[in-house]
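In case you want the letters, here they are:
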Amino acid sequence: MSTPLSPDSLAVLARQAIEVPSWAYGNSGTRFKVFGTPGTPRDPFEKVADAAQVHRYTGLAPAVAIHIPWDKVEDYDALTGYAHDQGVAIGTVNSNTFQDDDYKFGALTHEDSAIRRKAIDHHFECIDIMGRTGSRDLKIWLAEGSNYPGQADLRGRQDRLQESLQEIYARLSGDQRLVLEYKFFEPAFYHTDVPDWGTSYAQVSALGERAMVCLDTGHHAPGTNIEFIVMQLLRLGKLGSFDFNSRFYADDDLIVGAADPFQLFRILFEVLRGGGLDEDSPVAFMLDQCHNVEDKIPGQIRSVLNVQEMTARALLVDREALATAQRAGDVLGANAIFMDAYQTDVRPALAEWRASRGLPEDPMAAYAASGYFEKISAERVGGTQASWGA
């Protein structure tokens, strides 16, 4: 017998949307090897077609995030129209200032004003693309920092970063937003210019209301209480977006929930507690993963289903009973309420929910039976579209 989900819970699940990244469908790998796969997209249009498969079978992924220059095309109106025809939209536009020789010692933080100008102009290009595609968010991740004490002026780099971001932010229009991602290390090891949520928060707070923090679940030191960060950013009104993935050691970019599904549950409980899935929530949800050994489209399907499943479990937490136990100092009682929800199997209820919306009860099986992988494997000969790590 399935676990009943209340009408309010079903309403939350009905509006849940998770952007999938275009680069998840390209070739990727480790520092040692980039692995080619059958059916690799040959251009951004085919990436969008693959991404649309995820939404077709789950109803959870109505937008595709793109990365510039990986997804540059001559005609963005055509790309946007093609996405619409496939049943999805173009989502977040991600900038790239980490694969150019000029950025070896920084981009938005560089000592050389000409290199900073180049990096700022790249973000202007991304904003122009946002205007053509109808995208709301410009996401910035900076692979900037230093490896040795004394190598760089730590404070000067923060000042230059703020100046650069101010110029980029001033270029935004309408409801466009800037979301600044952080990562505690890699590729810089001694210091990273935006290593944590506090630095990102400080930088975006100085910009304005439409500048927010992006939280990547794989970008923290081992043992970090990520749900606390989620709570704090929601409390401060500065959580703009998630990049969902999973990690065992560093920035592994594995399927979300693979390493620690309980952590994903705890994060999503704080998202719900803080209004992150309310109708007027500013929080955007996205995957940021690379599928190096597993098939890419099923990997993305599995990922969005994992997020949905943990959301459904988090919705089962009896908040009134939990608050009563917390006020009473009932440590074990409060923990039991949490664990009861986490250990509830919601999969049958979600299968029923999908069926009620005309979606397959088992999206993984439905995709496998569709023949899509066999079709693209036969048609796409020589596809080399790359993703991160390629």
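The structure under discussion appears in the preceding block.
About the thresholds
Residues numbered from 1 in each chain as written. Predicted model: local features only at pLDDT ≥ 70, side-chain atom pairs only at ≥ 80, totals over all residues. Heavy atoms only, no water. Helix = DSSP H or I, 4+ residues; strand = E, 2+ residues; numbered from the N terminus. Rg over C-alpha atoms; globule rule 2.2 N^0.38 Å. Buried < 20%, exposed > 50% of the residue type's maximum accessible area, 1.4 Å probe, protein only. Contact = heavy atoms within 4.5 Å. Areas by Shrake-Rupley, 256 points an atom, 1.4 Å probe, with all protein chains shown as cover. Lys, Arg positive; Asp, Glu negative; His and termini not counted. Charge placed at Lys NZ, Arg CZ, Asp CG, Glu CD. Pairing = 2+ DSSP bridges. Right-handed = clockwise from strand over helix to strand, strands pointing away. Polar contact = N/O pair within 3.5 Å; in protein donor to acceptor, adjacent residues only side chain to side chain. Core = buried A, V, L, I, M, F, W, Y, C linked by side-chain atoms within 4.5 Å. Salt bridge = Lys/Arg side-chain N within 4 Å of Asp/Glu carboxyl O.

Engineer: What am I meant to see in the overall build of the chain here?
Structural biologist: Check the secondary structure of the chain and you find 14 helices and twelve strands. Compactness check: the chain gives a C-alpha radius of gyration of 21 Å against a globular reference of 21 Å for 390 residues, within 12% of the reference. Looking at the chain residue by residue over its 390 residues, the buried ones come to 55%. In the chain, once contacts between residues fewer than 6 apart in sequence are set aside, the share between residues at least 24 apart is 79%. If you sum the accessible surface of the chain, you get close to 16,900 Å²; carbon and sulfur atoms cover 52% of it. Charged side chains in the chain number 36 positive and 55 negative. The centres of these two groups are separated by 1 Å.

Engineer: Mind showing me how you'd approach the pairing of strand β6 (residues 137-140) here?
Structural biologist: Each regular strand shows side chains that alternate between the opposite faces of the sheet. Residues Asp137 and Lys139 of β6 are buried on one face, and the alternating residues Leu138 and Ile140, pointing to the opposite face, are buried as well. Bridge count for strand β5 (residues 89-94) against β6 is two bridges, and the pairing is parallel. Across the sheet, Val93 pairs through a bridge with Leu138, a residue of β6. Crossover handedness for the path β5 to helix α4 (residues 113-133) to β6: right-handed.

Engineer: Sorry, what's going on with the environment of Arg380 here?
Structural biologist: Structurally, Arg380 can be placed in the segment after α14 (372-379). The residues contacting Arg380, other than those within four sequence positions of it, are Gly39, Thr40, Pro41, Arg42, Glu46, Ala49, Asp50 and Tyr372. Side chain to side chain, Arg380 and Tyr372 meet in a polar contact 3.4 Å long.

Engineer: What am I meant to see in the nonpolar core here?
Structural biologist: In a soluble, globular protein the nonpolar side chains are often hidden away together inside. Counting residues in hydrophobic clusters, the biggest one holds 97 residues, and the most contacted among them are Val20, Leu108, Leu178, Leu215, Val230, Phe242 and Phe244. With nine residues, the single largest contributor to this core is helix α9 (residues 296-315). Dropping the residues within four chain positions of it, Leu108 is found in contact with Arg116, Ala119, Ile120, His123, Ile140, Leu142, Glu144, Arg160, Leu161, Ser164, Leu165 and Ile168. Phe98, Trp141, Ala143 and Met286 belong to the second largest nonpolar core, which has seven residues in total.

Engineer: Please clarify how unusual backbone geometry should be interpreted in this entry.
Structural biologist: Negative phi is the rule for most residues except glycine; trans is the rule for most peptide bonds. In this model, Ile68 is joined to Pro69 through a cis peptide bond whose omega is 20 degrees. Looking at the secondary structure, you find Pro69 in the loop between β4 (63-67) and α3 (76-85). Cis geometry marks the peptide bond from Glu186 to Pro187, where omega comes out at 10 degrees. By the secondary structure assignment, Pro187 is in the loop between β8 (177-181) and β9 (191-192). Phi is positive for Glu186, which is not a glycine, with a value near 80 degrees. Its location among the elements puts Glu186 in the loop between β8 and β9. Of note in the backbone geometry, Asp253 takes a positive phi value of approximately 55 degrees without being a glycine. Of note, Asp253 is situated in the loop between β11 (239-244) and α8 (261-273).

Engineer: Even after reading the chapter, I still don't get the pairing of strand β12 (residues 284-287), so can you show me in this structure?
Structural biologist: Both faces of β12 are covered, namely the face carrying Ala284 and Met286 and the face carrying Phe285 and Leu287. On the question of chirality, the crossover connecting β11 to the parallel β12 by way of α8 is right-handed.

Engineer: Looking at this structure, how should I read the pattern of salt bridges?
Structural biologist: Proximity of charged atoms lets side chains of opposite charge pair with each other. Going through the model one piece at a time under the given rule, you end up with 22 salt bridges. One salt bridge connects Lys118 with Asp100, and the closest N-O pair in it is separated by 2.9 Å. Taken together, the residues Lys118 in helix α4 and Asp100 in the loop between β5 and α4 connect sequence positions 18 residues apart. With a relative accessible area of 32%, Lys118 lands in the partly exposed category. For Arg266, the salt bridge is made with Glu227, and the minimal N-O distance between the two is 2.6 Å. Placement of the pair is Arg266 in helix α8 and Glu227 in helix α7 (residues 226-236), with a sequence separation of 39 residues.

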